[in-house]
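# Secondary and tertiary structure notes
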Amino acid sequence: MPTELMKALKTAYEAEKEGLRAYLKYAKQTKVGTGKNMFIQLALDEIDHMELIEKFTEKIMAGQPIEQINVPKGRLSKFMPSIKDLKFAEKSELADEDALKVALTHEEKAMNFYINEASKATDPKVKDFFNKLAEVEKKHFEIIKAEVDFMSRDGFWFDTQEFTVEEN
């Protein structure tokens, strides 16, 4: 049982658990329905990740061979909000934007952690597992970033310019 891999899995599990706690807290505090739903979906994804990491760890500890693990893309990836839907969204409060920024930092750290662990992995299945987790965290990052951009009304959403100030 590789000690470094076990440490990485324990760190990953704890980080996902912390994300779960934070997202549930933000879901409870957020006044805007769409923000509440987004945080709940992120929390559910964190539970999925914890379960995957736990199963992966159990197999390694039992001395079973490492198998390819299917990592779901994440609930939010299935239904990205459209610009027309966001134009009618309720105005969020400053606390909601602060929660999103904390969530953004969490997802970026998680993504970078998984990318780093994938780069250190010698077993292709371990590398694949961490890369797939990194992909999901990247999607979460992009979704949260889009929400932050929308709230700041900077004219960009998913890195696409929503409007211009030029006359047609």
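These lines cover the structure that appears in this document, whether it is placed above or below. Residue positions within a chain follow its written sequence, with the count starting from 1. Since the coordinates come from a predicted model, pLDDT governs what is reported: local features require at least 70, and pairs of side-chain atoms require 80 or more to be given and counted, while whole-chain, interface and lining totals use all residues. To get the side-chain values, take all heavy atoms of the structure and skip hydrogens and water.

### Considering the overall build of the protein
- Here a helix means four or more residues in a row that DSSP labels H or I, a strand means two or more in a row labelled E, and each is numbered from the N terminus. Check the secondary structure of the protein and you find five helices and two strands.
- When its helices and strands are written in sequence order, the protein yields α-α-α-α-α-β-β.
- When burial is assessed residue by residue, the protein has 40% of its 168 residues classed as buried.
- Pairs at least 24 apart in sequence give 76% of the contacts found in the protein among residues at least 6 apart. Using a 1.4 Å probe on the protein chains alone, a residue whose accessible area is under 20% of its type maximum counts as buried, one over 50% counts as exposed, and one in between counts as partly exposed. By definition in these notes, contact holds between two residues if any of their heavy atoms fall within 4.5 Å.

### Details of helix α2 (residues 33–61)
- Between the first and last residue of a helix there are one fewer steps than residues, each counted as 1.5 Å, and that sum is the expected span. Its 29 residues place the ends of α2 42 Å apart at the C-alpha level, agreeing with the 42 Å of an ideal helix rising 1.5 Å per residue.
- Taken from the residues just after α2, G63 is the one with a positive phi, measuring 80 degrees.

### Regarding the environment of H106
- Residue placement: H106 occurs in helix α4 (residues 94–120).
- Each C-alpha atom, one on H106 and one on A22, is 9.4 Å from the other, the two residues being 84 residues apart in sequence.
- Setting aside its immediate chain neighbours within four residues, H106 contacts A15, G19, Y23 and E46.
- Counting of polar contacts relies on pairs of N or O atoms within 3.5 Å, with two restrictions inside protein: one atom must be capable of donating a hydrogen and the other of accepting it, and residues adjacent in sequence are counted only when both atoms are side-chain atoms. At 3.3 Å, the side chain of H106 forms a polar contact with the side chain of E46.

### Considerations on the packing of helix α1 (residues 3–29) against α2
- Between α1 and α2, the least distance of the axes is 8 Å, while the angle of their chain directions is 160 degrees. Here α1 is positioned roughly antiparallel relative to α2, judged by the angle of their axes. Of the two elements, α1 crosses α2, and the hand of that crossing is left-handed.
- When residues are grouped by polarity, Ala, Val, Leu, Ile, Met, Phe, Trp, Tyr, Cys and Pro land in nonpolar, Asp, Glu, Lys and Arg in charged, and all others, Gly among them, in polar. A class-by-class count of the residues in the contact of α1 with α2 yields 21 nonpolar, three polar and six charged. In this analysis, axes come from line fits to C-alpha atoms, helices being fitted only over the stretch in contact, and the angle between any two N-to-C directions falls in the range 0 to 180 degrees. Roughly parallel refers to an angle under 35 degrees, roughly antiparallel to one over 145, roughly perpendicular to one between 65 and 115, and oblique to any angle outside these ranges. Here is the rule for handedness: rotate from the far helix to the near one, and if that takes an anticlockwise turn smaller than a right angle the crossing is left-handed, while a clockwise turn gives right-handed.

### Remarks on the nonpolar core
- Nonpolar core, defined: a set of buried Ala, Val, Leu, Ile, Met, Phe, Trp, Tyr and Cys residues in which side-chain atoms within 4.5 Å join the residues together. Counting 21 residues, the largest nonpolar core has L9, I53, F56, V71, Y114, F129 and F130 as the members making the most contacts within it.
- Elements with a contribution of two residues or more to this core: α1, α2, α4 and α5 (124–152).
- The leading source of residues in this core is α5, at six residues.
- Beyond its immediate stretch of four places on either side in the chain, I53 contacts L9, A12, Y13, E16, Y114, F129 and L133.

### Observations regarding the pattern of salt bridges
- For salt bridges, the criterion is a side-chain nitrogen of Lys or Arg within 4 Å of an Asp or Glu carboxyl oxygen. Enumeration over the complete set of coordinates arrives at nine salt bridges.
- Residue K59 pairs with E67 through a salt bridge whose shortest N-O separation is 3.2 Å.
- Given a relative accessible area of 32%, K59 falls into the partly exposed group.
- Since its relative accessible area comes to 42%, E67 is described here as partly exposed.
- In this structure, the salt-bridge partner of E142 is K138, at a minimum N-O distance of 3.8 Å. You can see E142 and its partner K138 sitting in helix α5, four residues apart, about one turn around the helix.
- In this structure E142 comes out as partly exposed when scored by relative accessible area, which is 28%.
- The class for K138 is partly exposed, based on a relative accessible area of 42%.
- A single salt-bridge network, built from bridges that share partners, covers K138, K139 and E142.

### A word on the packing of aromatic side chains
- Between the rings of Phe, Tyr and Trp (Trp by its six-membered ring), a pair exists once the centres lie within 6.5 Å; its type follows the angle of the planes, with under 30 degrees stacked, over 60 edge-to-face, and the other angles tilted. Counted by the stated rule, this structure contains six aromatic pairs.
- Each ring, one from F56 and one from F129, has its centre 4.3 Å from the other, and the planes form 15 degrees; the classification is stacked. Of this pair, F56 sits in helix α2 while F129 sits in helix α5, placing them 73 residues apart in sequence.
- What makes F56 buried here is its relative accessible area of 3%.
- Residue F129 is classed as buried on the basis of its relative accessible area of 0%.
- An aromatic cluster of at least three residues, connected via ring pairs, comprises F56, F113, Y114, F129 and F130.

Don't take any of this as a statement about function, it's just geometry.
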